[in-house]
Amino acid sequence: MKLQHTLALTLPMLSSWAVGADLAVKFEIPQLNVAEYHRPYVAMWLERADQSVAANLSVLYDVKKKDNAGTKWVKDLRTWWRKAGRDVELPIDGVSGATRSAGEQTISFGPARTGIDKLPAGDYKLVIEAARESGGRELVRVPFTLPLKGKQTYSARGKEELGAVSLQITP
């Protein structure tokens, strides 16, 4: 006797952003003319309207220092550290990475990394914070709104430790 099973699935209508979205963050690290130049540590995260952390995207620091000594200066990313950093163990798999040199940098994130496909409609911000040893600290927020209506690009600009910052979200 041959058994036949049929499985019917019904899915609610989902807006394009809920299916998943790719994020590309382009940011500029300016070359500073200082006596002692250190590459900045950089943290990126998504922030809800109430300023709570929706997702850690990237934490760039000196990951190759012996005995994980690069984490010593991560606390200089003060805003990220207070909101999320002190509650995680570094390195964070898939989030931690090496510092970047001066110039334009691009990092892309899929929906699994960002959790954007699980976020409810509302106002959010991409937050990028940079801090340098023997240098300054800067925070740039790039606001965006969900649900998306097609491919969206948003931008902001830093003044010292960061230059142009842009966020491109593609559903």
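Each chain carries its own residue numbering, running from 1 in the written order of its sequence. Side-chain atom pairs in this predicted model are given and counted only at pLDDT of 80 or more, local residue features only at pLDDT of at least 70, and totals for whole chains, interfaces and linings cover all residues. To obtain the side-chain values, all non-hydrogen atoms of the structure were included, while hydrogens and water were left out.

1. Considering the pattern of salt bridges
A side chain with one charge may pair with a side chain of the opposite charge, provided their charged atoms come close. Just to be clear on terms, a salt bridge is a Lys or Arg side-chain nitrogen sitting within 4 Å of an Asp or Glu carboxyl oxygen. Overall, the coordinates contain 5 salt bridges when judged by the stated rule. Among the salt bridges present, the one from Arg141 reaches Glu47, with a minimum N-O distance of 2.9 Å. Placement of Arg141 in strand E7 (residues 137–146) and of Glu47 in strand E2 (residues 41–48) is noted, with a sequence separation of 94 residues between them. According to the relative accessible area criterion, Glu47 is buried, its value standing at 0%. Residues Arg132 and Glu161 are paired through a salt bridge, measuring 2.6 Å at the closest nitrogen-oxygen approach. Each helix corresponds to a stretch of at least 4 residues labelled H or I by DSSP, and each strand to a stretch of at least 2 residues labelled E; elements are numbered beginning at the N terminus. Remark: exposure states derive from per-residue accessible area (1.4 Å probe, protein chains only) relative to the maximum for the residue type, with buried under 20%, exposed over 50%, and partly exposed in between.

2. Regarding the sheet that holds strand E5 (residues 103–109)
Whether two strands pair depends on DSSP finding at least two bridges between them. Judged by pairing direction, the sheet is antiparallel, and its 4 strands sit side by side in the order E5-E1-E9-E8 without closing on themselves. With partners counted over all chains shown, the strands left at the sheet margins are E5 and strand E8 (152–157), one partner each. Taken pair by pair, the neighbouring strands of this sheet meet at an average axis angle of 15°, ignoring direction. As judged from the 6 bridges shared by strand E1 (residues 22–29) and strand E9 (residues 164–170), these two strands associate in the antiparallel manner. Opposite Ala24, over in E9, you have Gln168 as the bridge partner. Geometry is summarised by axes, namely lines fitted to C-alpha atoms with helices restricted to the contacting stretch, and by angles between N-to-C directions that run from 0 to 180 degrees.

3. Section: the side chain of Glu47
Separated by 2.9 Å, the side chains of Glu47 and Arg141 make a polar contact. Here a residue-residue contact requires only that any non-hydrogen atoms of the pair lie within 4.5 Å. The contact partners of Glu47, leaving out residues within four places of it in the chain, are Ser52, Ala54, Lys83, Tyr124, Lys125, Val127 and Arg141. A 3.5 Å cut-off defines polar contacts: any pair of N or O atoms within that distance qualifies, except that in protein one atom must be a possible hydrogen donor and the other a possible acceptor, and neighbouring residues in sequence count only when both atoms are side-chain atoms.

4. Regarding the pairing of strand E3 (residues 53–60)
Counting buried positions along E3 gives 6 out of 8 residues, so the element sits mostly inside the fold. Here E2 pairs with E3 via 6 bridges, running antiparallel. The residue bridging Trp45 from the neighbouring strand is Asn56, located in E3. Pairing between E3 and strand E4 (residues 96–97): 2 bridges, direction parallel. Of the residues in E4, the one forming a bridge with Leu60 is Gly97. Remark: the E3/helix H2 (residues 78–83)/E4 crossover connection has right-handed handedness. Look down the strands so they point away from you; if the path from the first strand over the helix to the second goes clockwise, the crossover is right-handed.

5. Describing the sheet that holds E3
Spatially, 5 strands are ordered E4-E3-E2-E6-E7 in an open sheet, and the strand pairing comes out mixed. In the strand order of this sheet, the two ends are held by E4 and E7, each with one partner. Pairing of E2 with strand E6 (residues 122–131), which is carried by 8 bridges, proceeds in the antiparallel orientation. Its bridge partner lying in E6, Glu47 is registered against Lys125.

6. Considerations on the nonpolar core
Buried residues of nine kinds, namely Ala, Val, Leu, Ile, Met, Phe, Trp, Tyr and Cys, make up a nonpolar core once their side-chain atoms join them within 4.5 Å. Among the nonpolar cores identified, the biggest contains 29 residues, and Phe27, Phe144, Leu167 and Ile169 are the most heavily contacted of them. Residue contacts for Leu167: discarding those within four places in its chain leaves Leu23, Ala24, Val25, Leu126, Val142, Phe144, Gln152, Thr153 and Tyr154. Residues Tyr41, Val74, Val127 and Ala131 belong to the second largest nonpolar core, which totals 14 residues.

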